[in-house]
Amino acid sequence: MQSLSRLFKLGLTGGIGSGKSTVATYLNTLGARTIDADAISRQTTAAGGSAISAIRQLFGEQYISDGSLDRNRMRQAIFSEPSARAQLEAIVHPLVGAEIARQTQQDVDSGCRVLVFDIPLLVESGRWRGQLDQICVIDCSVATQITRVMNRSGFSADAVQQVIDAQAPRRARLAAADTVIFNDGISIQQLHTEVQQLANTLGL
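Residues numbered from 1 in each chain as written. Predicted model: local features only at pLDDT ≥ 70, side-chain atom pairs only at ≥ 80, totals over all residues. Heavy atoms only, no water.

**Student:** Break down the overall build of the protein for me, with residues and values.
**Tutor:** Summing up its helical and strand segments, the protein has ten helices and seven strands in all. In terms of overall size, the protein behaves like a compact globule, its C-alpha atoms giving a radius of gyration of 18 Å where 204 residues would be expected to give roughly 17 Å. Each principal axis of the C-alpha atoms in the protein carries an extent, and together these give about 50 × 45 × 25 Å. Put simply, the protein has 204 residues, and 42% of those count as buried. Separation of charge centres in the protein, based on 19 positive and 19 negative side chains, amounts to 3 Å. (Helix = DSSP H or I, 4+ residues; strand = E, 2+ residues; numbered from the N terminus. Rg over C-alpha atoms; globule rule 2.2 N^0.38 Å. Buried < 20%, exposed > 50% of the residue type's maximum accessible area, 1.4 Å probe, protein only. Lys, Arg positive; Asp, Glu negative; His and termini not counted. Charge placed at Lys NZ, Arg CZ, Asp CG, Glu CD.)

Dropping the structure here:
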C-alpha cells in the first residue's frame, strides 16, 4: 500500500444550496478524486443498505418505506425531537467512516495525488480538521441558499430554513476555512475560474 502522506487531502464543505457539489464535480474533471460523504450516507440508508436493520430496530418499521429510510418521516422526527438526530447519526456515521476509509485507501493505491472529501457536516463533526491538509468552504448568502434549494427540490422556504438552522452557522464554516469560494451572484463560468485557480494551487 502507498502511504497516505503522499496524498493531498482537501476538505470541501458548504451549507445546503451553496454549490458545493458543483465544485466537487468540476474538481473531479480536473483530475482530483472525490469521496462524497453524503452519497455514502444515502447508500447506507437505501434499500438493502447497511444501516437499515439497525434503523428498523431502533425507530420502528414506520420509518422504513420500500426497504429504505423514509427520509420525510425521519426529517420530521429529527426536527421535533433532537435526540433522534443523535440516535440516527450513531448508526450511520460509523458506517460512513468505514466506507470513507476504504475508498481513501483504494484511491491512494491507484496513485491518486489529490483527494477531495466532500463533507456537508465537516465543521459540525469536529473530527476532520486534523485529517485534512486544507479546508475549502463554498459560501453564499442564506437568501441564495433558500432560493436555490426551493428551485431545486421544491421545498418550502420554512423547510429549507429548518435545514440551514440544523447546520453549522455560516460564520463557523468561514472561521474553519483555509480557502473560501464565494458562489453568489456569479456565473457558472466565473465559478469554474475560481475552482481552476484552487486546482492550480493543488497541482492539478
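**Student:** Hey, could you go over the packing of aromatic side chains for me, with residue numbers and the actual values?
**Tutor:** Using the criterion set out here, one finds two aromatic pairs in the structure. Geometrically, the ring pair formed by Phe59 and Tyr63 is tilted, given 5.6 Å between the ring centres and 55° between the ring planes. There is no split in this pair, since Phe59 and Tyr63 are both buried. Arranged with centres 5.5 Å apart and planes meeting at 45°, the rings of Phe117 and Trp128 form a pair that is tilted. Here Trp128 lies in the loop between helix 6 (122-125) and strand 6 (134-139) and Phe117 lies in strand 5 (residues 114-118), a separation of eleven residues in the sequence. One residue, Arg73, lies across the ring of Tyr63, its end atom 5.9 Å from the ring centre. (Phe/Tyr/Trp six-rings, centres within 6.5 Å; stacked < 30°, edge-to-face > 60°. Lys NZ or Arg CZ within 6 Å of the ring centre and 35° of its normal.)

**Student:** Provide a residue-level description of the environment of Val123, including the pertinent values.
**Tutor:** When you line up the elements, Val123 lands in helix 6. Spatially, the C-alpha atom of Val123 lies 18 Å from that of Ser141, the residues being 18 residues apart in sequence. With sequence-adjacent residues up to four places away left out, Val123 is seen in contact with Thr13, Ala168, Ala172, Arg173 and Ala176. (Contact = heavy atoms within 4.5 Å.)

**Student:** Please set out the pattern of salt bridges residue by residue, giving values where relevant.
**Tutor:** With the rule as written, the count across this model stands at seven salt bridges. Among the ionic pairs, Arg42 bridges to Asp38, the shortest N-O distance being 2.8 Å. Of this pair, Arg42 and Asp38 both sit in helix 2 (residues 37-44), four residues apart, which is roughly one turn of the helix. Look at Arg42 and you get partly exposed, because its relative accessible area is 40%. (Salt bridge = Lys/Arg side-chain N within 4 Å of Asp/Glu carboxyl O.)

**Student:** Please give an account of the packing of helix 4 (residues 71-80) against helix 5 (residues 82-109) that cites residues and values.
**Tutor:** Axis separation between helix 4 and helix 5 bottoms out at 4 Å; the angle between their running directions is 125°. With respect to helix 5, the axis of helix 4 lies oblique. Seen from helix 4, the contacting residues are Met74, Ala77, Ile78, Phe79 and Ser80; seen from helix 5, they are Pro82, Ala84, Arg85 and Leu88. A breakdown of the residues in the contact of helix 4 with helix 5 according to their chemical character gives seven nonpolar, one polar and one charged. (Axes fitted to C-alpha atoms, helices over the stretch in contact; angles between N-to-C directions. Parallel < 35°, antiparallel > 145°, perpendicular 65-115°, else oblique. Nonpolar A, V, L, I, M, F, W, Y, C, P; charged D, E, K, R; others polar.)

**Student:** Any details on the nonpolar core? Residues and values, ideally.
**Tutor:** Residues Ile55, Phe59, Met74, Ile100 and Phe117 are the most contacted members of the largest nonpolar core, which totals 33 residues. Elements supplying a minimum of two residues to this core: helix 2, helix 3 (52-59), helix 4, helix 5, strand 5, helix 6 and strand 6. Tallying contributions element by element places helix 5 first for this core, with seven residues. Apart from residues no more than four positions distant in its own chain, Phe117 is found in contact with Lys9, Leu10, Gly11, Leu12, Ile35, Ile100, Thr104, Trp128 and Leu132. Within the second largest apolar cluster, 17 residues are counted, among which are Leu10, Ala24, Val116 and Cys136. (Core = buried A, V, L, I, M, F, W, Y, C linked by side-chain atoms within 4.5 Å.)

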